[in-house]
Amino acid sequence: MQAGNCSRTQYRRATWPGAFIVLAVVVGGLLLASGAQANPRYAGMVVDLDNGEVLYAENPDERRYPASLVKMMTLYMTFEALESGRLSLQQPLSVSTYAAAKPAVKLWLPAGSTITVDQAIRALSVRSANDVAAVLAEALGGSERMFARQMTERARGLGLTATTFKNASGLPDSGQVTTARDMVRLAVRVMNDFPQYYHYFALQSFNFNGKTHKSHNRLVRNYPGADGLKTGFIRASGFNVATTATRGNRRLVGIVMGGFSSRSRDAHMADLLDRSFLRASLRDQSSWLANADFSREYMQFDAVPQRYSQPAYARVDNGAVISDSAGRAGEGAGGAAPVAMDTTTTPPVSPPQRQAGWGVQLGAFSEEALARQLATQASQQLGTQVNGQVAVQPVPGQRRLFRARVVSLEEQQARNACLQLRSHGMDCMVVNASL
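Before going into details, it helps to say that this report is about the structure given with it. (Residues numbered from 1 in each chain as written. Predicted model: local features only at pLDDT ≥ 70, side-chain atom pairs only at ≥ 80, totals over all residues. Heavy atoms only, no water.)

**Examining the overall build of the protein**
Selection criterion: Here a strand is any run of E in DSSP of at least two residues, a helix any run of H or I of at least four, and the numbering for each starts at the N terminus. The buried label applies to any residue whose accessible area, calculated with a 1.4 Å probe on protein chains only, is under 20% of its type's maximum; exposed applies above 50%, and partly exposed to all values in between. Should any heavy atoms of two residues lie within 4.5 Å, those residues are considered in contact. Methods summary: accessible areas were calculated by the Shrake-Rupley approach with a probe of 1.4 Å, and residue burial reflects only the protein chains presented.
Scanning the protein for helices and strands turns up 10 helices and 17 strands. Taking all 435 residues of the protein together, the buried fraction comes to 60%. Partitioning the contacts of the protein with sequence separation of at least 6, the portion at a separation of at least 24 is 71%. In the form shown here, the protein has an accessible surface area of approximately 17,400 Å², with 48% of it arising from carbon and sulfur atoms.

Written out as structure tokens, the structure reads:
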């Protein structure tokens, strides 16, 4: 089991109209190299805390094992007890034989010893100590089993409708399940309801009985702007992480579940955050209309994409409407209703051809100047080795809608170019520009 942490900042309460405002669930997908199968444990979600916009979602409502993400709920209920006066930070808690017997990761507390509430919170945030989770459970619920029932009941009140808790630590139990969406909701509630305690999730170390315990939440240390929340691992779940991060005035929260390793999980989360910050900034411009999918290639994290499916586009006046190729559309932030789809999208990628009729599409814009600006930026990012040409083309059948492309590439060049752009946070797709 792993631990997670976060820094002390005063957070304004995010606006959550009901549940999430699902503004953009994009589709489009990639075929993975060598016919590799998708990771069956994977789920991920990234949400803009200022407006509840879902910037990324893959299997957000599929049941998963939470592992040590459970400790976010244990700490939430601990914070509630502190606010109600049932606990105090310097109050000593007794360690039972049951708690002392919990498997590692733990503090190896001997039965009959004590630990203060403050120390217990630090032990869960930094060390993810299972014995300490049991100590808190017994202090709050009388027994861990009763506390788990209380956790589930409280979770229902917080809107975590798909989550069932069976223990306070996240240790394996086939009945203990959750979803990425529920974990996002929990992370937001921890942050918004208890900003005065949120600094615990930023701790990188804590001292106990003369020993220094260090956090292994590398995202908090290494990702610029990251300040929480929690990591977790059991064999059934894979490597999970909940992370919050800020860039400028924007704050995001992300969940990744089912990583093959802590390193690939962290790299994936960092990439999702980079792309989500970029996507959110583009959404601030009401003229951004294009599909910007970046999900399926990461269901196995290290897979190399081979081919991109083609999106459809929607015409909007207020706010971006992102839609899939089946003609479904989401409602924009401005409340605009879904509108008619452009069915004249570029045909799917055909078999490889040795000709420079391929390109990379960056998006579709209602303003030609914006389309040209993004295409030019992409061309400059690719450099002289790619030597593509900037192309801004009107979308057939649509008034004032322009595709931003870099063209005159061979097929493999285009695919490599799109990979390069994605690695720098620019969403794209490969197109046969000669059609």
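**A short note on the sheet that holds strand β2 (residues 43-48)**
Adjacent strands of a sheet pair through backbone hydrogen bonds, lying either parallel or antiparallel. Heads up, the condition is: Criterion used throughout: strands pair if DSSP finds at least two bridges between them. The axes are straight lines fitted to the C-alpha atoms, using for helices just the contacting stretch, and the angles between their N-to-C directions are given from 0 to 180°.
Judged by pairing direction, the sheet is antiparallel, and its 5 strands sit side by side in the order β3-β2-β10-β9-β8 without closing on themselves. Either end of the sheet is taken by a strand with one partner, and the two such strands are β3 (54-58) and β8 (226-234). Each strand of the sheet is rotated relative to its neighbour by a mean of 5°, with strand direction disregarded. Contacts between helix α6 (residues 180-193) and the sheet are confined to β2, β8, β9 (238-247) and β10 (250-259), with β10 contributing the most and set at about 140° to the helix.

**Considerations on the pattern of salt bridges**
Using the following cut-off: By definition, a salt bridge exists where a carboxyl oxygen of Asp or Glu is found within 4 Å of a side-chain nitrogen of Lys or Arg.
A full pass over the atoms with the stated rule returns 14 salt bridges. The residue Arg189 makes a salt bridge to Asp193 at a minimum N-O spacing of 2.8 Å. Here Arg189 pairs with Asp193, and both are found in helix α6, just 4 residues apart, close to one helical turn. Asp266 is the salt-bridge partner of Arg265, the closest N and O atoms lying 3.0 Å from each other. For the pair formed by Arg265 and Asp266, the shared burial category is buried. Three or more residues joined by partner-sharing salt bridges are found here, namely Arg218, Arg265 and Asp266.

**A closer look at the nonpolar core**
The tendency in soluble globular proteins is for nonpolar side chains to be buried side by side. Heads up, the condition is: Buried Ala, Val, Leu, Ile, Met, Phe, Trp, Tyr and Cys residues that are joined via side-chain atoms within 4.5 Å together make up what is termed a nonpolar core.
Residues Met73, Phe79, Leu107 and Val132 are the most contacted members of the largest nonpolar core, which totals 66 residues. If one sorts the elements of this core by residue count, helix α1 (residues 70-84) sits on top with 9 residues. Apart from the residues lying within four places of it in its own chain, the contact partners of Phe79 are Ile121, Val190, Phe194, Tyr197, Tyr200 and Phe201. Judged by nonpolar contacts, the second largest core, of 22 residues, contains Leu382, Val386, Ala404 and Cys428.

**A word on the side chain of Asp182**
Mapped onto the elements, Asp182 comes out in helix α6. For Asp182, a relative accessible area of 2% translates into the label buried.

**Quick look at the packing of aromatic side chains**
Rules: A pair of aromatic rings is counted whenever rings of Phe, Tyr or Trp (Trp by its six-membered ring) have centres within 6.5 Å, and the orientation is called stacked for planes under 30 degrees apart, edge-to-face for over 60 and tilted otherwise. To sit over a ring, a charge needs its Lys NZ or Arg CZ within 6 Å of the ring centre and within 35 degrees of the ring normal.
The tally for this structure, following the rule as stated, stands at 7 aromatic pairs. Geometrically, the ring pair formed by Tyr76 and Phe194 is edge-to-face, given 5.0 Å between the ring centres and 75° between the ring planes. A residue pair is termed long-range when its members are at least 10 positions apart, and Tyr76 in helix α1 and Phe194 in the loop between α6 and β6 (205-208) qualify at 118 residues. The exposure class of Phe194 is buried, given its relative accessible area of 6%. For the ring pair Phe194 and Tyr197, a centre distance of 6.4 Å and an interplane angle of 40° mean the geometry is tilted. Per residue, the accessibility class of Phe194 equals that of Tyr197, and both read buried. One cation-aromatic arrangement involves Lys106 over Trp108; the distance from NZ or CZ to the ring centre is 4.5 Å.

**Here's the deal with the state of the cysteines**
Such a bond, covalent and formed between the sulfur atoms of two cysteines, is termed a disulfide. Our working definition: When two cysteine sulfur atoms lie within 2.5 Å, the pair is treated as a disulfide.
Inspection of every chain in the model, using the stated rule, returns 1 disulfide. In this model, Cys418 is linked to Cys428 through a disulfide, with the two sulfur atoms separated by 2.0 Å. Between Cys418 and Cys428, the disulfide has an S-S torsion of 115° and is therefore right-handed. Here the residue Cys418 occupies a position in helix α10 (residues 411-423), and Cys428 occupies one in the loop between α10 and β17 (429-431), the gap between them amounting to 10 residues. With respect to class, Cys418 is no different from Cys428; both count as buried.

**Let's talk about the packing of α1 against helix α5 (residues 144-157)**
The cut-off we apply is this: Roughly parallel refers to an angle under 35 degrees, roughly antiparallel to one over 145, roughly perpendicular to one between 65 and 115, and oblique to any angle outside these ranges. Classes in brief: Ala, Val, Leu, Ile, Met, Phe, Trp, Tyr, Cys and Pro nonpolar; Asp, Glu, Lys and Arg charged; the others, Gly included, polar.
In contact at an axis separation of 11 Å, α1 and α5 are set at 85° when each is read in the N-to-C sense. Relative to α5, α1 is oriented roughly perpendicular. Facing Val70, Met73, Thr74, Tyr76, Met77 and Glu80 of α1, the residues of α5 in contact are Phe147, Gln150, Met151, Arg154 and Ala155. Grouping the constituent residues of the contact of α1 with α5 by class yields 7 nonpolar, 2 polar and 2 charged.

**Some words on the packing of helix α3 (residues 117-127) against helix α4 (residues 130-141)**
Just so we agree on the cut-off: Handedness of a crossing is defined here by the sense of rotation of the near helix relative to the far one, left-handed for an anticlockwise turn of less than a right angle and right-handed for a clockwise turn.
At a minimum axis separation of 9 Å, α3 and α4 run at an interaxial angle of 135°. For the element pair α3 / α4, the angle class is oblique. Crossing of α3 over α4 shows left-handed handedness. Packed against α3, whose contacting residues are Ala120, Ala123 and Leu124, the element α4 presents Val132, Ala133 and Leu136 at the interface.

By themselves these figures say nothing about function.
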